[in-house]
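Breakdown of the fold
These are the residues of each chain, in order.
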Amino acid sequence: MISIYHQAEELTKQVIESFYHQDLNLLIQKLHPDVTWIGAADGECIKGYEQVCEYIKNIDVPRCDILKKEFQVVANSDDIFIVAGWMEVAASQGSSEVLGAVQRISLIWKTEGQKIKLLHFHVSNPIEFHKNNKYFPRSMGAKTYEYVRKLLSQNRRRLIACGKHDQTYVIRNIDIVYIEAKNTDSVIHCLNRDILSRESISNLEKKVGEGFIKTHRSFIVNSRYITGIKRYQLTISQGIELPIPEKKYRNIKEKILRTVNQRENEIYI
């Protein structure tokens, strides 16, 4: 019994991986004559070996990598093994598609003598992925494309700051925690170092752009590293506390909350 458990789980992983790697041979070999395939789209229920084979050969799914997965036998009888789990998939590098999703999978395996065959296959996507009767979430592809585009754009963002003694620094925005005014100069506090710039904090504020908030005349904070806010005080990474002017507290708090929410939804800095 233990060996069949392991065989059902292992076969599930193998057929799923081969399917998303655009190799259908193993999946087709393991189909039971009475197999049923239930997909994510409305009314997507195909019965019988020939019909399922024809269907899966025509599914337009880009080659994907499985980033995470977890499958296990959740129930069994003498000859039936139900394997359920989930996996996180994303289009492979070099693919013309940019998409990703978490797929929930249920497979029923049936043993016949020494053979184990796939009797039932069910893939379930979150409801917002369903659109236009497409098996794979192409609507999610558009969202993921926008996510990746913004993420890549932000990773390329750089602050070019003038330092002392004619030095020029090129700093990734994502590495900047906050900027502090020092008289007419500024200190750029980064994750791993502090950089003294001869530029004013007002000038640097214009350069850093979205995702940074001027919380005080002497401080600009990267919203990514905000961990808390209370009356007249802001907390950022590593427990650093910065003051907020009493008269501007409400407006700054609203701006912080709005920016943090927007960063979560649209992937800012």
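Up top is the structure these notes are about.
Quick summary incoming for the structure in this document. (Residues numbered from 1 in each chain as written. Predicted model: local features only at pLDDT ≥ 70, side-chain atom pairs only at ≥ 80, totals over all residues. Heavy atoms only, no water.)

Notes on the packing of aromatic side chains
Worth spelling out the cut-off: Ring pairs are drawn from Phe, Tyr and Trp, using the six-membered ring of Trp, whenever the two centres fall within 6.5 Å, and their geometry is named by plane angle: stacked under 30 degrees, edge-to-face over 60, tilted for the rest. To qualify as a helix, a DSSP run of H or I must reach at least 4 residues; to qualify as a strand, a run of E must reach at least 2; elements of each kind are numbered from the N terminus. Relative accessibility decides the category of a residue: with a 1.4 Å probe and only protein chains considered, values under 20% of the type maximum give buried, values over 50% give exposed, and everything between is partly exposed.
Taken as a whole, this structure holds six aromatic pairs when the rule is applied. For the ring pair Tyr178 and Phe219, a centre distance of 6.2 Å and an interplane angle of 45 degrees mean the geometry is tilted. Note that Tyr178 is positioned in strand β9 (residues 176-182) and Phe219 in strand β13 (residues 219-222), a separation of 41 residues in sequence. Plain terms: the ring middles of Tyr232 and Tyr249 are 5.4 Å apart, the flat faces sit at 75 degrees to each other, and that makes the pair edge-to-face. Linking Tyr232 in the loop between β14 (226-230) and β15 (233-236) with Tyr249 in helix α6 (residues 249-266), this pair joins segments that are 17 residues apart in sequence. The class of Tyr232 is partly exposed, set by a relative accessible area of 31%.

Observations concerning the sheet that holds β15
Selection criterion: One bridge is not enough; two strands pair if DSSP finds at least two bridges between them. With axes taken as lines fitted to C-alpha atoms, and helix axes fitted only over the stretch in contact, angles between N-to-C directions fall between 0 and 180 degrees.
Spatial ordering of the open sheet is given by β14-β15-β16, a layout of three strands whose pairing is antiparallel. Only two strands of the sheet have a single neighbouring strand rather than two, namely β14 and β16 (240-243). Across the sheet, the mean angle separating the axes of adjacent strands is 25 degrees when strand polarity is ignored. Relative to β15, β14 runs antiparallel, the two being bridged by four bridges. When the sheet's bridge partners are listed, Gly228 is paired in β15 with Thr235.

With respect to the pattern of salt bridges
Counted only if it meets this: In what follows, salt bridge is the name for a side-chain nitrogen of Lys or Arg lying within 4 Å of a carboxyl oxygen of Asp or Glu.
Tallying each qualifying case throughout the model produces seven salt bridges. For Lys164, the salt bridge is made with Asp185, and the minimal N-O distance between the two is 2.7 Å. Here the residue Lys164 occupies a position in the loop between β7 (158-162) and β8 (168-172), and Asp185 occupies one in strand β10 (residues 185-190), the gap between them amounting to 21 residues.

Some points on the environment of Ser106
Definition in use: When checking whether two residues touch, look at their non-hydrogen atoms; a contact exists if any pair is within 4.5 Å.
By secondary structure assignment, the location of Ser106 is in strand β5 (residues 100-112). On the basis of relative accessibility, which here comes to 28%, the residue Ser106 falls in the partly exposed class. Distance from Ser106 to His120, taken between C-alpha atoms, is 8.0 Å for residues 14 residues apart in sequence. When residues no more than four places from it in sequence are discounted, the contact partners of Ser106 are Val83, Ala84, His120, Phe121 and His122.

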